[in-house]
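Coordinate inspection notes
Here is how the chains run, residue by residue.
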Amino acid sequence: MSIAYVRERDAPLRPPPAGTAGALGWLRENLFSSLGNSLLTVLLALVIGYLGWSVLDWAVLRGVWTGVDRAACAIDNAGACWPFVWEKFPQWIFGFYPIAERWRPVTAFLIGAAALVPMLMPGVGAKKWNALFLLVVYPVIAFELLAGGLFGLSEVETTSWGGLTVTLVVAITGIVFSLPLGILLALGRQSELPIIRSASIAFIELWRGVPLVTVLFMASVMLPLFLPNGVSLDKLMRAIVGLSLFASAYMAEAVRGGLQAVAKGQTEAGLALGLSRWQTTRKIVLPQALRISIPNIVGIFIGLFKDTTLVLVVSIYDFLGIINAGLQDSKWAAPQTANTGYFVAALVYFIFCFAMSRYALFTERRLEQMGRR
Amino acid sequence: MPQTAVQFIGVNKWFGSFHVLRDINLDVAQGERIVICGPSGSGKSTLIRCINRLEQHQEGRIIVDGIEINDDVKAIEEVRRDVGMVFQHFNLFPHLTVLENCTLAPIWVRKMPKREADALAMKFLERVRIPEQAHKYPGQLSGGQQQRVAIARALCMTPKIMLFDEPTSALDPEMVKEVLDTMVTLASEGMTMLVVTHEMGFARQVADRVIFMDQGQIVEMNAPEAFFGNPRNERTRLFLSQILR
């Protein structure tokens, strides 16, 4: 046999054989690739189908849709008690906010949404101004709208805030404060100055080493004892500060992971060009580090959003807290009332967290397409 | 007599207890092209990284363009503005476009208006013959193109001295030439260059002097014809016999 070979005609380019590509191919490869996998697929499909059917049956088919009190829901074989939700829903959103003033949280929410949506859309320009408005101007407007006191708006004590309004106020301020603070702490932890480094490490480890419930109790019960007489901090404010500091410690660790993942050559290239250390950090290292940390940062945002439910322990009635409180109402005492309330709570928390998660995924993909190596 | 661009006087450096640079004495004249070679770990990269203080020396003096390198941060930043560096692994900024990579330092260090910086960057991207890639991200370019962008990025600061740290070692063989060609052009324009490389063809063609380093010392230093034609130190001869096959 000869060792020499010369190709004289190119082998033809052909489409893949039938059944290995397209929908059928996908099914075969992913769901029915072997006997065991096929059995597993069928079994799981049955379980999912059963669970889905149960929820549908309970929430929709057996659900009670109209009524004015417990009588409608306290019937045999009743499912979800929706009239309870219709009646309580405004309170779940606004808490004990005066009914005549409820347009104020609504306005604050609408302004926020109007500013946030273009901020989240990559194609829309003027991000700098948008961010400036959201982070500096908007908080002032929102606080003024909610708390009142100026421009003829009547004052509304934070003790009468509640429901989803409080959940969003706590979560958003927590997110807005914990991210920059976390970034500073992460940079501090990497500082070459021993004092800054030790202080950052001490701060981070202290907050990470304490359960959030403890932090909230400390903020609401212990903190006033340390303050001089006559000085009192708003309870809601204290809870927000506690939650923000708590989240910022975790944020710092997420960002630190990103900082460490940026190659050392990046810093060297920046310095070699004559950029100062701070410019190198701000223009080169930090943008890359934050991109790497997006999944973890959003994870912390989601955690923080759910952790807002813990403000209940210092008697602030957030969304879950106020649903819980409403269940005591004897007017609606029926077997499925509590389940319905918690079902709605779960649904609302899920929608917010899922939205954050999907947006993070979208951002990650977009940044990857920008040709990150 | 041309002015001195870089001067090493009795420089010593240690990594921990490892003596990485031993008694380095070297004068580089302005416009001079120097190629540094030697086995890995011989201190070649460390030597040129001391010039812009990416590494600190512990003993001796280094004077770059009349400025002594010491703990003075301002002096170091001044030197870095005028000394360009090209790295083995390019170290382009992956989150910025090619153009932004080039304009970052002119805008933030030289305080140049953006429009002017863009024009300057395009001029140098044309010089390295990739103006059409200006709006791509580094990750979308081949290794050779990335290294040429890295050269353009350094040139945008209009440096007086260029340092090259094994600029072709991380490249696929077919891309080495395009980078070397760019460097040859640069040399022909009178740039002061210190190049760490194993490309002996480049050394013959471009270098005024070739330096051989081993175990942290300058072992031999000569004009290329003499260096390659008649190496005098035994270690130089051994090294050359290993890389010139």
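A brief look at the structure comes next. Each chain has its residues counted from 1, running along the sequence as written. Chain A is the first chain written and ligand 1 is the first ligand written, with later ones labelled in order. It should be noted that, the model being predicted, local features are given only for residues of pLDDT at least 70 and side-chain atom pairs only at 80 or more, the latter also being counted only at that level, while totals for whole chains, interfaces and linings use all residues. The side-chain figures draw on all heavy atoms in the structure; neither hydrogens nor water molecules are used.

**Structural notes on the overall build of chain A**
Where helices and strands are cited, they refer to DSSP runs of H or I of at least four residues and of E of at least two residues respectively, numbered from the N terminus. The helix and strand inventory of chain A stands at 14 helices and 0 strands. When the elements of chain A are put in sequence order from the N terminus, they spell out α-α-α-α-α-α-α-α-α-α-α-α-α-α. Between the two quantities, the radius of gyration covers C-alpha atoms and the globule rule is 2.2 Å times the number of residues to the power 0.38. Its C-alpha radius of gyration of 27 Å places chain A more than 25% over the 21 Å reference for a compact globule of 373 residues. With the C-alpha coordinates aligned to their principal axes, the bounding extent of chain A is approximately 95 × 65 × 40 Å. In chain A, once contacts between residues fewer than 6 apart in sequence are set aside, the share between residues at least 24 apart is 67%. Taken as two groups, the 29 positive and 21 negative side-chain charges of chain A have centres that lie 9 Å from each other. When checking whether two residues touch, look at their non-hydrogen atoms; a contact exists if any pair is within 4.5 Å. A positive count includes Lys and Arg, and a negative count includes Asp and Glu. His and the chain ends are not counted in either. Lys charges are placed at NZ, Arg charges at CZ, Asp charges at CG and Glu charges at CD.

**Structural notes on the packing of aromatic side chains**
All names here are of chain B. Classification of ring pairs rests on two measures: the distance between centres of Phe, Tyr or Trp rings, Trp counted by its six-membered ring, which must be within 6.5 Å, and the angle between planes, read as stacked under 30 degrees, edge-to-face over 60 and tilted in between. Summed over the entire model, instances satisfying the criterion amount to 20 aromatic pairs over all chains. Note on Phe212 and Phe239: the rings are 5.0 Å apart at their centroids and 35° apart in plane angle, and the pair reads as tilted. Of the two residues, Phe212 is situated in strand 9 (residues 209–214) and Phe239 in helix 9 (residues 234–243); the sequence distance between them amounts to 27 residues. For the pair Phe212 and Phe239, a shared accessibility class is recorded, and that class is buried. Working definition: with a 1.4 Å probe on protein chains only, accessible area under 20% of the residue-type maximum means buried, over 50% means exposed, and in between means partly exposed.

**Comments concerning the packing of helix 3 (residues 98–108) of chain B against helix 4 (residues 114–127) of chain B**
Residues and elements named next belong to chain B. An axis is simply a line fitted to the C-alpha atoms; with a helix, the fit covers only the stretch in contact. Between two such axes, the angle follows the N-to-C directions and lies from 0 to 180 degrees. The contact between helix 3 and helix 4 brings their axes to 9 Å, and the two run at 125°. Judged by the angle between their axes, helix 3 and helix 4 are oblique. Crossing of helix 3 against helix 4: the hand is right-handed. Residues Val98, Leu99, Cys102, Thr103, Pro106 and Ile107 of helix 3 pack against Lys114, Ala117, Asp118, Leu120, Ala121, Met122 and Leu125 of helix 4. Following the grouping adopted for this structure description, the nonpolar residues are Ala, Val, Leu, Ile, Met, Phe, Trp, Tyr, Cys and Pro, the charged ones are Asp, Glu, Lys and Arg, and the polar ones are all others, Gly among them. Considering only residue class, the contact of helix 3 with helix 4 consists of 10 nonpolar, 1 polar and 2 charged. For classification, angles of less than 35 degrees are called roughly parallel, those exceeding 145 degrees roughly antiparallel, those between 65 and 115 degrees roughly perpendicular, and all remaining angles oblique. Less than a right angle of anticlockwise turn of the near helix away from the far helix marks a crossing as left-handed, whereas a clockwise turn marks it as right-handed.

**Digging into the state of the cysteines**
Residues and elements named next belong to chain B. Only a pair of cysteine sulfur atoms within 2.5 Å qualifies as a disulfide here. Scanning the model with the defined rule gives 1 disulfide over all chains in all. Left unpaired, Cys37 is separated from the closest cysteine sulfur, that of Cys50, by 18 Å. For Cys50, a relative accessible area of 0% translates into the label buried.

**Quick notes on empty space enclosed by the protein**
Using a grid of 1 Å spacing that covers the protein atoms alone, one calls a set of points a cavity when a 1.4 Å probe fits there but cannot get out, and a pocket when the set is open and has protein on both sides within 12 Å along at least five of seven lines; lining residues are those with an atom within 4 Å of a point. Grid points are joined across faces, edges and corners, and a volume is the space filled by probe spheres set on the points. Evaluated as defined, the whole model comprises 2 cavities of 30 Å³ or more. In this structure, the largest cavity occupies an estimated 60 Å³ of space. Forming the walls of the largest cavity are A:Ala269, A:Ala272, A:Leu273, B:Gly84, B:Met85, B:Phe87, B:Ala150, B:Arg153 and B:Ala154. Breaking the lining of the largest cavity down by element, the ones donating at least two residues are helix 11 (264–272) of chain A together with strand 6 (83–86) and helix 5 (143–155) of chain B. In terms of residue count, the dominant contributor to the lining of the largest cavity is helix 5 of chain B (3 residues).

**Remarks on a nonpolar patch on the surface**
Residue and element names in this part refer to chain A. A contiguous nonpolar surface patch, about 1,000 Å² in accessible area, is contributed by Val213, Phe217, Met218, Val221, Met222, Leu223, Leu225, Phe226, Leu233, Met237, Val241 and Val313. When residues of the nonpolar patch are traced back to their parent elements, those giving at least two are helix 9 (212–226) and helix 10 (235–261). Considering each element in turn, the nonpolar patch owes the most residues, 8 residues, to helix 9. Each patch is assembled from residues with relative accessible area greater than 30% and no salt bridge, linking like charges that lie within 9 Å and nonpolar side chains (Val, Leu, Ile, Met, Phe, Trp, Tyr) that lie within 5 Å. Only the protein chains shown count as cover for residues, and the accessible areas themselves come from Shrake-Rupley with a 1.4 Å probe. Whenever Lys or Arg places a side-chain nitrogen within 4 Å of a carboxyl oxygen from Asp or Glu, that contact is recorded as a salt bridge.

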